[in-house]
There are 2 protein chains.
Amino acid sequence: MSDIIHPSDNRNISRKELFSGAGQMIGGAALASIAGLGLAGCTKKGKETVAKYPWPYVKLDPQKSGEIAYENWYKKFCCYAVASGILQPLQEKVGEPYSVLPIEAFKFGHGGTVGWGTLCGSLLGASIAVSLIAGEEGEDIINDVIGWYTETEFPLFKPTAPKTEIKNISVSGSPLCHVSVGRWMKKEGVDFFSEGRAERCARLSADVAVHAVTLLNLWADRKYEAEYDDQPMKYQMPTQNNCDDCHA
Amino acid sequence: MSDIIHPSDNRNISRKELFSGAGQMIGGAALASIAGLGLAGCTKKGKETVAKYPWPYVKLDPQKSGEIAYENWYKKFCCYAVASGILQPLQEKVGEPYSVLPIEAFKFGHGGTVGWGTLCGSLLGASIAVSLIAGEEGEDIINDVIGWYTETEFPLFKPTAPKTEIKNISVSGSPLCHVSVGRWMKKEGVDFFSEGRAERCARLSADVAVHAVTLLNLWADRKYEAEYDDQPMKYQMPTQNNCDDCHA
């Protein structure tokens, strides 16, 4: 029964199995010929055109994705910022099916989903993009981006044209927007509705985009190895690692 | 500056403004003629076909969406369950652009995103679907679905063919998977990797799909009124309402 209760049970096995059959990455030459058909990676199915999932990936420049995420945070916030940092270059390089996707639909993830302070929107944006690109294999990448996020002092990203200056970096210990931004706000001594907080979240979004693309590129080169444990297998339920924050 | 820091500042105003211009809902007759063009709601933009966003909506049967969500939970869990409960009927009724979307890409939301216990995957699945359908206006609907979720005794849904029986209902007080499922598990006296817990989450997914479609149908009829306050405007930062759970 456990295999239909949580996908983690056999994820390591299926990841390797799936990996050996990974054929969604396409090089420049292959891309050109597929793109010549009008719909890269798409097939006719009855009267409708349906893209093969996961969608074709070409390696991206992590720094460029970071710059897009930083700039786009100021347009539609964190979730859109990271999703567009990864998916916008693919709309340009690959075209369809990426170009069919309205990336702005993922704006809702701001503030841990319309302000409820849950999953940091930057992580949600990365998860959506990674999943479209890597399919179920992408769950290991998502897990690793989240694990890395909880342990890293943010923000690291240095924009070429910063909107404002900020002083502090902080470790969240948690993938929750509320905890992550709250700890940084306390250290910086600023409110949520401040220019400094906006800048921190814009740079953090860039950091998440850079890291997600770095892992996706390793995956495309078949050099990616999952790093973090599966949370429900470790704790016997879905959870973060910072138990004492609420249960102390 | 505050208007570029958080979208909530002027959401009530823009919601009404946007509302008056809402023209994405299409009736049966209009749908037939648009579908006759091959791509419902799509326009040619250069060499590529780009769907107009938000995507066209036809009113759905909430109960049918609930049944799909319940059954699909057993295929790819909560986030996929609710997203497919709403989007699968639209793939059938509207076709493109919905049919271009690989709904299985949203499986990653299980266990509060690959098991990290953050935003309940059922709420994430609803958010993605609502956002594609209602655009930025959908943020009020998402906010209301989340608010309702935190205050409702779940599960309510009675499957026509239950996979197993469960005894208890519980209020989460939180949109977090960890808190929501944890409270129910304690009351029911079962582990996370149990058939009972699976059934609870499958029925809960059905509940969220039913409620989201109910609000979407009101919105399509221009009868929807936002109910819950904006969290960051209320608390001056993104957060849940159950402060004492962690800060007591």
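Residues numbered from 1 in each chain as written. Chains lettered and ligands numbered in written order. Predicted model: local features only at pLDDT ≥ 70, side-chain atom pairs only at ≥ 80, totals over all residues.

**Student:** I'm lost on the overall build of chain A in this one. Help?
**Tutor:** The number of helices and strands found in chain A is nine helices and four strands. Contacts in chain A between residues at least 24 apart in sequence constitute 66% of all its contacts with a sequence separation of at least 6. (Helix = DSSP H or I, 4+ residues; strand = E, 2+ residues; numbered from the N terminus. Contact = placed C-beta atoms within 7 Å.)

**Student:** Sorry, what's going on with the interface of chain A and chain B here?
**Tutor:** Interface size is commonly expressed as the accessible area that is lost once the parts come together. Each partner contributes residues to the interface: chain A has 63 residues there, and chain B has 63 residues. Counting residues per element, the ones that place at least two in the side of chain A that touches chain B are strand E2 (48–51), helix H3 (62–93), helix H4 (121–134), helix H5 (138–151), helix H6 (177–188), helix H7 (195–220), helix H8 (231–235) and helix H9 (244–247) of chain A.

**Student:** Mind showing me how you'd approach the relation of the copies chain A and chain B here?
**Tutor:** Overlaying chain A with chain B gives an RMSD of 0.0 Å, the required rotation being 180° about an axis along which the chain moves by 0.0 Å. The transformation relating the two chain copies, once decomposed into turn and shift, fits a two-fold axis. Residues of chain A ranked by C-alpha distance from the rotation axis are headed by Cys246(A), positioned 2.1 Å from it. Take the interface residues of chain A: 100% of them recur as interface residues in chain B, which is what a same-surface contact looks like. (Least-squares fit on C-alpha atoms with pLDDT ≥ 70 in both.)

**Student:** Teacher, can you tell me more about the nonpolar core here?
**Tutor:** Looking at soluble globular proteins, one finds that nonpolar side chains tend to be buried together. Formed by 136 residues in total, the largest nonpolar core has its most connected members in Ala212(A), Leu216(A), Ala212(B) and Leu216(B). With residues near it in sequence (within four places) discarded, Ala212(A) still touches Ile86(A), Ala126(A), Ala129(A), Val130(A) and Val145(A). (Core = buried A, V, L, I, M, F, W, Y, C linked by C-beta atoms within 7 Å. Buried ≥ 20, exposed ≤ 12 C-beta atoms within 10 Å, placed from the backbone.)

**Student:** Help me out: how do you make sense of the packing of H4(A) against H5(A) in this one?
**Tutor:** Working note: a packed helix pair is described by the angle between its axes plus the distance between those axes. All names here are of chain A. Close contact between H4 and H5 brings their axes to 8 Å; oriented N to C, the two are set at 160°. Between H4 and H5, the interaxial angle falls into the category roughly antiparallel. Crossing angle aside, the handedness with which H4 passes H5 is right-handed. Across from Leu123, Ala126, Ser127, Val130, Ser131, Ile133 and Ala134 in H4, the residues of H5 making contact are Gly138, Ile141, Ile142, Val145, Ile146 and Tyr149. (Axes fitted to C-alpha atoms, helices over the stretch in contact; angles between N-to-C directions. Parallel < 35°, antiparallel > 145°, perpendicular 65-115°, else oblique. Left-handed = near helix turned anticlockwise from the far one by under 90°.)

**Student:** What is the right way to read helix H7 (residues 195–220) of chain B from this model?
**Tutor:** Residue pairs three or four apart in sequence face the same way in an α-helix, which turns once every 3.6 residues. Compared with the 38 Å implied by 1.5 Å per residue over 26 residues, the 37 Å span of H7(B) between its first and last C-alpha is a close match. Once H7(B) finishes, Arg222(B) follows within two positions and takes phi at roughly 60°, a positive value. (Expected span 1.5 Å × (residues − 1).)

**Student:** Looking at this model, I keep getting lost on the packing of helix H3 (residues 62–93) of chain B against H7(B). Mind explaining?
**Tutor:** Residues and elements named next belong to chain B. Taken N-terminus to C-terminus, the directions of H3 and H7 make an angle of 135°; their axes are 7 Å apart at the nearest point. Taken together, the axis directions place H3 and H7 in an arrangement best described as oblique. Here H3 and H7 pass one another in a crossing that is right-handed. Counted by class, the contact of H3 with H7 contains 17 nonpolar, six polar and one charged residues. (Nonpolar A, V, L, I, M, F, W, Y, C, P; charged D, E, K, R; others polar.)

**Student:** What should I look at first to understand the environment of Trp219(A) in this one?
**Tutor:** Residue and element names in this part refer to chain A. As for its placement among the helices and strands, Trp219 is situated in helix H7. Along the chain, Trp219 and Thr164 lie 55 residues apart, while their C-alpha atoms are 35 Å from each other. When near neighbours in sequence (up to four residues on either side) are disregarded, Trp219 contacts Ala134, Ile141 and Tyr224.

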